Every structure is written in structure tokens, then in C-alpha cells.
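# Close look at the chain arrangement
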Amino acid sequence: MDTPEPHRYTDAYFRLLIASGGAALVWALMRLPASQVDFHFLLLAIITLTIGSRITVKIPRLSSHVSVSDTFLQLCILLCGGEAAILLAALDGLGSTLPLSRRPRTYLVNIAVTTLSTSATVWVLRLCFGTPGGVTAGDTPTFVTGLCVMAATQYAANSALVAVGMALKTGQGAWETWRKYYLWASVTFLVGGVAAGTVFKLIGAVGFTAFVVATPLIGIAYLTYQSYLKNIETVERHVAALQESEERFRSAFDYAAIGMALVSPEGRWLQVNRSLCAILGYTEPELLGMSYQDITHPEELASVDAHVRQMLDGRAPTCQTEKRYFHKDGHVVWIYLSISRVAGGQEAGARLIFQIQDITDRKQAERQLLHDAFHDALTGLPNRALFIDRLKHALARHKRLGAAQFSVLFLDLDRFKVINDSLGHAIGDQLLVGIARRLETCLRPGDTVARLGGDEFTVLLEDVSDTREVIAVAERIETELSLPFNLGGHEVFTTASIGIAPSTTGYERSDDILRDADTAMYRAKSLGKSRHEVFDKEMHTRAVNLLHLETDLRRALDRREFSVYYQPIVSLETGVVQGFEALLRWRHPVHGFISPAEFIPVAEETGLILPVGRWALEEACRQMCEWQGQFPRAAEMYVSVNLSGRQFANPELIEQIKEALRSTGLRPQSLKLEVTESVVMGDIEKTIEMLRQLRALGVESSIDDFGTGYSSLAYLHHFPSTTLKIDRSFIGRMGEGGENTEIVRTILLLARNLGMRVVAEGVETEAQLARLQSLSCEYGQGYLFSKAVNATAVGRLLSEGSPRSLRAADTEGLAGLRALRA
């Protein structure tokens, strides 16, 4: 707290006070009769200066003091006269100041105050009674009146002079300063006056010895009074502290940011603050007429009452809990309730303090977070976590009850990526939402449909009687999803492949049944999509085998388990071998030769086809270069290597081909690359650019399996390819009527018109050979000439000269299975 600025008249006042005190002292000395300065005066002066000025009473809340010497000054007036009393007052002012201060101005001010106050007392007595001796000479009423006048005048003059100086110094009003700090001192001066009158009478009765005897009694009385004042001051401080504490509590209670209430043991609101009123919507009088039981949710009331009883019985000091209250308008308010017990008065007994925080927003946020944690943000359906949780409960009920059957449906949309890529992700998201809504309409109230992510959905059908009921639901879903969706002005069609895993299979874990439903779904996709398949044990066996196959496939390249076999491509006119098609083979250390039809799709799906295909390319180039170096007749031959879809789309393909030619030394003209018709038609512009880059290297390309995939007739003349390979399916059925023969004839005619060579695949009989020769087909390959054989067998062919000699030597060849097909 800042100290008030001293009044600008303070110094002037103290100078005037000192000057006036000095003048009064000089006046008294000039009029002082020598008879007044007798033995009694000297003894009284010694006692006053040595004892009276040392026994002081501190003025509460100030550094000022009132000394016992004020009593001796009044006694001096009665015994020795006014001028002697003024002289003694000046000496007392000096003596009482010496122990308290070392400042000369303080000495002078205190001397002036005691001198002036004593002078004023002497002059008032003279005005009222003629002389101070008039007081002692009169009767008892006069004497008592004189004592009162003397004490009152000395008190008034002394306190007024000091109060004015203090007011000027602190900047407060003189009256306020006097009333606040000096009013109580009147008792001290009146008691001093009575004591002085009593001693005066005793001296008159028994002599001056009475003064010596009474002096210690007066000192004891003052000391007792001082102790009393200290006790009073201590009590006042305690009372003030309690009042301040109560005010702080009241302020904290009333203006607290949380609701607070004082509650009776019966539950009545005794005192409430404004925050509680705001939380509950009631006014303070309304709440004070109610109890906490009136606004507590019925489901929470028993719990709150139990906590309250525990605290009232002393079994629990506090309680914190989350409860529901009813707002005045009827809606539920979630609150964090903290209850503590406080002691009341003897009549009031114990009380309870309720501290109440509104946590409704937090509870709503928690509910939203919980919902978001277990629901898909796009469709609002349960997500994987919630679906697994419900599946676990269904599995537990099935184990416990035995009779309750359930099934899981795993749905994956067909061609969703095409829709997403062509129409945009926004339309794709709308489609997912629309599918979610249709799935909900296909199910019963107790069933669960969830979105696992992407375009995958799952359905949990509980309490089903048999698999036929589950299949009926799957068919209903297929029918519903086959209807068009109108999304952003686009009519979109989609279908789904559905896998079904019934609980009758027998499961211990929820993950297993979800896995098997997924397996069944992939089985449905492999069988043509837009259908459903029910899981059986064989599917799981196939899936496990496929996983093992993938694991072994990843290690096969490092373990050198791959090899390249070669099938001759023969001129149908001369029977001379023109080249070889390189076909990848995998000899598993446990299972022996594994069909390319099994491992090539896995390699394609996992991306392993890239390192494996690069190795096959380099190995075929190396082997062809080696043959050309060993056998002169192989100098004009070529090796044809198949490229998968992933390889053809690889941006590093051209560099890899360059590296293979460079590292092996093979001429580009001795390498041909085969690409299936479906791969060629995937992206026309990229295909044409890639084939042109190959042609620029001097590497020719062939379109494999022509006629089986997309119709490429409209683009065929744009492709810089040199060879068409007719698929074995046409060659194998050439003898069955004339239709396939005509197709082969048409392909041959088309190729001749485009200046392309033709290779017939799968030639297995003399009849087929004769028919192809009659159609002027240039080249062929197949079992009729040779199966795919290893490099050693090819070396024998090149040394002996006849491909038909390979029939007996082909002990390790496999049935003409093709490698690296897209």
C-alpha cells in the first residue's frame, strides 16, 4: 500500500508548534516563583524523569506512546503550581523522547506538545477556578470537578496537537485521525487525574511519604493497563483477521467460477453462489427452497446419498464424482461434484460444501471422440475396431449358448478403382456412402454392417438358422448393389464380390473368421467377380499354401532355384529352327517343379516379377550369346522373352534391356520381346511409345496370345511390332469345323497386309501342321516340334540339326506351360 504524501503545511505546523512551546516555556520560567522549586518539586521531578517517562502505554496502530508522567504532571499542578508543572512538562518531554529517537526535531516537537498541553491545562484551571490552588482549596465536588477539568484539558490539548500533526503528515483528516487513534487515550488521562487527586489527598493526610508509596502502585496500574490494551489490540487483530478471512471466503464463494453451495445434512441448499445458479438455470431464492435431491438424476441419487452419509458419519473426508443434474428447463447437465464436510456451530451441527463444475461439453466431446474412435468418418458405419468387438461378443455367445449361429460377410467392390480414377475421389466417396445406406436396408435391426477401409465392407449376421438364410442376404445385397447410383449427374454401376464365413466352421478367435471371410471373397473375385462364395476348409488350405509359395518365391532367386527353358520356334516351310522362346521354370527344393501358372501370378501381385523377370532376361541373353559363339548355325537365331504387365510398365525397362545387351554382348537383332494383347491394350499411347523405343534399340517385339484379349484390330497398324503370335486355343480347335480355321486365316491375312510375321502357338499334331502350312503360316511352336527344354538339350539340337530329335531327349521338359504371362 502506498504511503500518503505529507501535507505541504506539515513543516510549518511543526515549526509553529516548537515556537509556541518555547514561548510557553519561557513565559513559565519568567513567572516561576522560587518557592515552587522546593524539595517536593525536585523529588517529584526526579521520579517523573526516572520512572514516569519510562513507563509508557503504546497507542494502538501507531508508534506514539502515553507515559505515566502525565499523572505526575497533574500531581505537580496540584502540589507545586502551574509554572513548576510547565517546567516539569518540558523536562518530561525531553526525557521521554531520548529512549525513542535521536532526531533533534522529535525532541523539540515532544517538548513543545507537553509544554503547550500543560500550559493549556494550567490556564483552563485558572479560568475556571482562579488558580490551580483553587481546585485544592475547595470542597469535594469542586475538587472532583477540577480533577476532571484538568484531566480533560490535558487530554484534549495533548491529543489535539498530536492528531493535527499526524493528519498533516499522513494526509488524512484531523478529526478522523483523532477519533481513530486518540479517542481511547481519554481513559488514560482521566485515570491519571483520579490517581493524581488520590495521591494529593494522601499527601495532605499522611505527608509526602504517601507519594513515594503510591508511585509504584501507579506504575503497576499503568503496566496492567498496558497489558490490557495489548490484549485488546490482539483481540482486535484476530477479529479483523477473521472478518477479512470471512470477506475473502464470501468473495471467493460468491464470485467463484464454479458452482458452490452450503448444504444441510438433509440436503437443503443453505447458501448458493451465482455460478451454481447459472449452471442449473434457477434463481438463488428458487434453489434455497429446494434440495440437491430435487435436481439429481434418479439413477445417480442413491450414489450421492451414500457418499453424503459416509462424510456425515466421518467415514470419508471428501468425495469427487461425476453426476447428472436436471437443468430448470429439463435437460440433463453433467457435473463434476466435489463434496467436503465442514463443522458448523453448536446448534447448526455439520454442514456440507458442494463444489460443482459443469462438464457437459466435456462429456459431449468424450462421446463424440468415442463415436469417432469406433465409426467410419465417411459413412458413419462402425469401423474395424467396433466390428471386431461385436464379432468377439457374438463368438462368445456362440460358445456359451451353442445354438446361436452367426455368419460374417466380407464385401469388396468390383472395379471401384476405375470409378475413383475416372470420376474422381469425390464421386468415389459418394458411392461409398450410397453403398453403406443400401447395405443398411438389406439387414435386420440386430445385424451389423461396417466399413473396414477403402472399398471393403463387412456384415455380421447374428441368430441365423442356416447357411441358406445367409446366402439369401448375400443375394439381396447383390441385387441391391446392382441398381445404378446417380452421383453428381453420373449414372454409376458397381457390383461386389462377397465372401461368407459361417460360424459352423468352428472358430476360437474373431480374427480367424474375418480372415476366412476375406479368403472366400478373394475366391469369389477369382471366379469372375459379382458373386458370393461360402468359405470351406480347402480355401484356407489354398490360402496357406499360397502364403508359403510367396515366402519361398522371395528366397528362390537368391537360392538359384530358377532356370530358363527354351522352346524352339520353327519355320513351317523348311522345318529349320528360327529361334527360341525363353520360359521361366522354378525347381522347388521340396516340391520339385512348380507350374508357372501357380507362381507367376504371385510374382506379379507381389512385385517379385521385376527382379525375377530381369534375371530371366539377362540369362536368356547370356545363353543366346553363348550359343551363337559355339554354333555357327545359331548366328541368325533369336531368343524371345516374355514381358509381364508390371515389367512393361516399369519406367526402367529400356535401361534394363540396354544393360542386358551390353553385359552379355548379344546383338539387339537377336532379342525379341513378347507382350500379351491385354497388356498392349492397357494404355495405347504408352504402349506405342514403349514399342517405338524398343524398335529404336534394334529389338523387335511380338504381340502374344493375339485374339484372346481386347480387340486390338483398330490399333494394330499403329504398333511398331513385327510379329503376331496366334493363341494356342485357336490352333487346338482348328479341326472342329471351319470356324477356328477361318479365324486363323483372317489373322494370317491381316498380318500379311500389315507386313507382320505370324507364329502359331500350340502346334501338337501333324494335322494342325498340315492345315497351317496350307494357310501359308510361316512359323510355329509346340509339342509337335519340342517341349520347352533346358539349355543342354538345346545345345544337342543345335549340334544335331533336327528339332524332332528333341522328343526323345526332352526328359525334363514340362507340358507347354508359358512363363511371364500378364
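Residue numbers here run from 1 along each chain, matching the order of that chain's written sequence. In keeping with the predicted nature of the model, local features appear solely for residues at pLDDT of at least 70, side-chain atom pairs appear and are counted solely at 80 or more, and the whole-chain, interface and lining totals rest on all residues. Here the side-chain values reflect all heavy atoms present in the structure, with hydrogen atoms and water set aside.

A run of H or I in DSSP counts as a helix once it spans at least four residues, and a run of E counts as a strand once it spans at least two, with each numbered from the N terminus. When helices and strands are counted, the protein chain shows 32 helices and 23 strands. For the protein chain, contacts bridging at least 24 residues in sequence account for 65% of all contacts bridging at least 6. Areas reported here follow the Shrake-Rupley algorithm with a probe of radius 1.4 Å; residue values treat only the protein chains shown as occluding. Here the protein chain has roughly 39,900 Å² of accessible surface; of this, 56% comes from carbon and sulfur atoms. Throughout, a residue-residue contact means that at least one pair of heavy atoms, one from each residue, lies within 4.5 Å.

Right, let's talk about the pairing of strand β3 (residues 259–263) for a bit. When a strand is regular, its side chains alternate between the sheet's two faces. Between buried and exposed lies partly exposed: a residue is buried under 20% and exposed over 50% of the maximum accessible area for its type, with that area taken using a 1.4 Å probe on protein chains only. Where burial is concerned, most of β3 is hidden: five out of the five residues are buried. Burial along β3 is two-sided: the face carrying Gly-259, Ala-261 and Val-263 and the face carrying Met-260 and Leu-262 are both buried. Bridge analysis of β3 against strand β7 (residues 350–358) gives five bridges, and the strand direction is antiparallel. In the sheet register, Gly-259 faces β7, and the bridge partner there is Ile-356. At least two bridges found by DSSP between two strands is the condition for calling them paired.

With that out of the way, let us pick up the packing of aromatic side chains. Note on aromatic contacts: the rings of Phe and Tyr and the six-membered ring of Trp form a pair at centre separations within 6.5 Å, being stacked when their planes are under 30 degrees apart, edge-to-face when over 60 apart, and tilted otherwise. Counting across every chain of the model gives nine aromatic pairs. Between Trp-27 and Trp-123, the ring centres sit 5.0 Å apart and the planes meet at 40°, which makes this aromatic pair tilted. Taken together, the positions of Trp-27 in helix α1 (residues 10–31) and Trp-123 in helix α5 (residues 104–129) put the pair 96 residues apart, joining distant regions of the chain. Judged by relative accessible area, which is 38%, Trp-123 ranks as partly exposed.

We now examine unusual backbone geometry. Even without a glycine there, the phi angle at Ser-530 is positive, about 50°. Tracing the backbone through its elements, the reader meets Ser-530 in the loop between α20 (510–526) and β14 (532–534). Judged by relative accessible area, Ser-530 falls into the partly exposed class, the value being 41%. In this structure, Arg-560 is a non-glycine residue whose phi angle is positive, near 60°. Within the element layout of this structure, Arg-560 appears in the loop between α21 (537–556) and β15 (562–571). Look at Arg-560 and you get exposed, because its relative accessible area is 74%.

It is worth spelling out the layout of surface pockets at this point. Taken as a whole, the second largest pocket encloses approximately 790 Å³ of empty space. The pocket and cavity definitions rest on a 1 Å grid over protein atoms only: a 1.4 Å probe that fits but cannot leave marks a cavity, an open set with protein on both sides within 12 Å along at least five of seven lines marks a pocket, and residues lining either have an atom within 4 Å of a point. Lining of the second largest pocket is provided by 17 residues; of these, Thr-519, Tyr-522, Arg-523, Ala-543 and Leu-546 occupy positions nearest its centre. Mapped by element, the contributors of at least two residues to the lining of the second largest pocket are α20, α21 and α22 (596–606). In terms of residues, the lining of the second largest pocket owes the most to one element, α21, which gives eight residues. Note that Gly is not counted as nonpolar here; it falls among the polar residues with everything else outside the nonpolar set of Ala, Val, Leu, Ile, Met, Phe, Trp, Tyr, Cys and Pro and the charged set of Asp, Glu, Lys and Arg. Of the residues that constitute the lining of the second largest pocket, the class distribution is seven nonpolar, four polar and six charged. Grid points are joined across faces, edges and corners, and a volume is the space filled by probe spheres set on the points.

Moving on to the packing of α1 against helix α4 (residues 82–97). It is the contact of α1 with α4, at a shortest axis distance of 9 Å, that shows an interaxial angle of 135°. One element, α1, and the other, α4, form an angle in the oblique class. In terms of crossing hand, the pair formed by α1 and α4 is left-handed. Residue-level contacts link Ala-24, Leu-25, Trp-27, Ala-28, Leu-29 and Arg-31 of α1 to Glu-83, Ile-86, Leu-87 and Ala-90 of α4. Along the lines of polarity and charge, the residues of the contact of α1 with α4 split into eight nonpolar, no polar and two charged. Note on geometry: axes are C-alpha line fits, over the in-contact stretch for helices, and angles between N-to-C directions span 0 to 180 degrees. When an angle is under 35 degrees it counts as roughly parallel; over 145 it counts as roughly antiparallel; between 65 and 115 it counts as roughly perpendicular; any other value is oblique. Handedness of a helix crossing follows the sense of rotation of the near helix relative to the far helix, less than a right angle counterclockwise being left-handed and clockwise being right-handed.

Across the protein chain, the average pLDDT comes to 82, with 85% of residues at or above 70. Note that residues 1–5 has pLDDT below 50 and, in this model, five contacts with residues that lie over four places away or in other chains. On a range of 0 to 100, pLDDT expresses the predictor's confidence in each residue. Contacts of residues 803–822 to residues separated by more than four positions or lying in other chains number 66 contacts, the stretch itself having pLDDT below 50.

A few words now on empty space enclosed by the protein. Summed over all chains, the structure comprises three cavities of 30 Å³ or more. By volume, the largest cavity is sized at about 50 Å³. Lining the largest cavity are Leu-610, Gly-613, Arg-614, Leu-617, Gln-647, Asn-650, Leu-653 and Gln-656. Per-element accounting of the lining of the largest cavity gives the leading share, four residues, to helix α23 (residues 609–630). Here the residues of the lining of the largest cavity are counted per class, giving three nonpolar, four polar and one charged.

With that out of the way, let us pick up helix α16 (residues 384–401). Here, expected helix span is obtained from the residue count minus one, scaled by 1.5 Å. Relative to the 26 Å expected for 18 residues at 1.5 Å per residue, α16 spans 25 Å between its end C-alpha atoms, a close match to the ideal helical length. Considered for burial, the residues of α16 that qualify are Leu-386, Phe-387, Ile-388, Leu-391, Ala-394, Leu-395 and His-398. Summarising the contacts, the buried residues of α16 are in contact with β8 (405–414), β9 (448–453), β10 (456–464) and α20. The backbone nitrogen of Ala-385 lies 3.2 Å from a side-chain oxygen of the residue at the head of α16, namely Asn-383. Two residues or fewer past α16, Gly-402 is found with a positive phi of approximately 85°. In protein, a polar contact means a hydrogen-donor-capable atom and an acceptor-capable atom, both N or O and within 3.5 Å, with residues adjacent in sequence counting only if both atoms are side-chain atoms; elsewhere, any N or O pair within 3.5 Å suffices.

Before going further, it helps to spend a moment on the pattern of salt bridges. One speaks of a salt bridge when a side-chain nitrogen belonging to Lys or Arg is within 4 Å of a carboxyl oxygen belonging to Asp or Glu. Going through the model one piece at a time under the given rule, you end up with 37 salt bridges. Among the salt bridges present, the one from Arg-509 reaches Asp-512, with a minimum N-O distance of 3.0 Å. Under the relative-accessibility criterion, Arg-509 is labelled partly exposed at 48%. For Asp-512, a relative accessible area of 15% translates into the label buried. Its salt-bridge partner being Glu-626, residue Arg-622 comes within 2.9 Å of it at the nearest N-O pair. Separated by four residues within a single helix, Arg-622 and Glu-626 lie in helix α23, roughly one turn from each other. With a relative accessible area of 34%, Arg-622 lands in the partly exposed category. Ionic contacts of the salt-bridge type, sharing partners, join the residues Glu-299, Glu-300, Lys-323 and Arg-324 into one network.

The side-chain alternation of strand β21 (residues 723–726) yields two buried faces, one formed by Thr-723 and Lys-725 and the other by Leu-724 and Ile-726. Bridging between strand β20 (residues 700–706) and β21 involves three bridges; their strand directions are parallel. The partner of Ser-702 across the bridge, within β21, is Thr-723.

Take the environment of Glu-176 next. For Glu-176, the location among the structural elements is in helix α8 (residues 174–181). For Glu-176, a relative accessible area of 35% translates into the label partly exposed.

Here the focus is the side chain of Asn-383. Relative to the elements of secondary structure, Asn-383 occurs in the loop between α15 (360–373) and α16. There is a polar contact of 2.8 Å between the side chain of Asn-383 and the backbone oxygen of Ala-373. Here Leu-386 takes part through its backbone nitrogen, which lies 3.2 Å from a polar atom of the side chain of Asn-383. The residues contacting Asn-383, other than those within four sequence positions of it, are Asp-372, Ala-373, Phe-374, His-375, Asp-376, Ala-450 and Arg-451.

Pairing within the open sheet is mixed, and its five strands lie in the order β9-β10-β8-β13-β14. The two strands at the open ends of the sheet, each matched to only one other strand, are β9 and β14. Strand-to-strand twist in this sheet, taken as the mean axis angle between neighbours without regard to direction, amounts to 20°. Relative to strand β13 (residues 495–502), β8 is paired through eight bridges, and the arrangement is antiparallel. When the bridges of β13 are listed, Phe-410 appears paired with Gly-499. Here helix α19 (residues 467–482) sits on the sheet and contacts β8, β10, β13 and β14; the angle it forms with β13, its principal contact strand, is near 165°.

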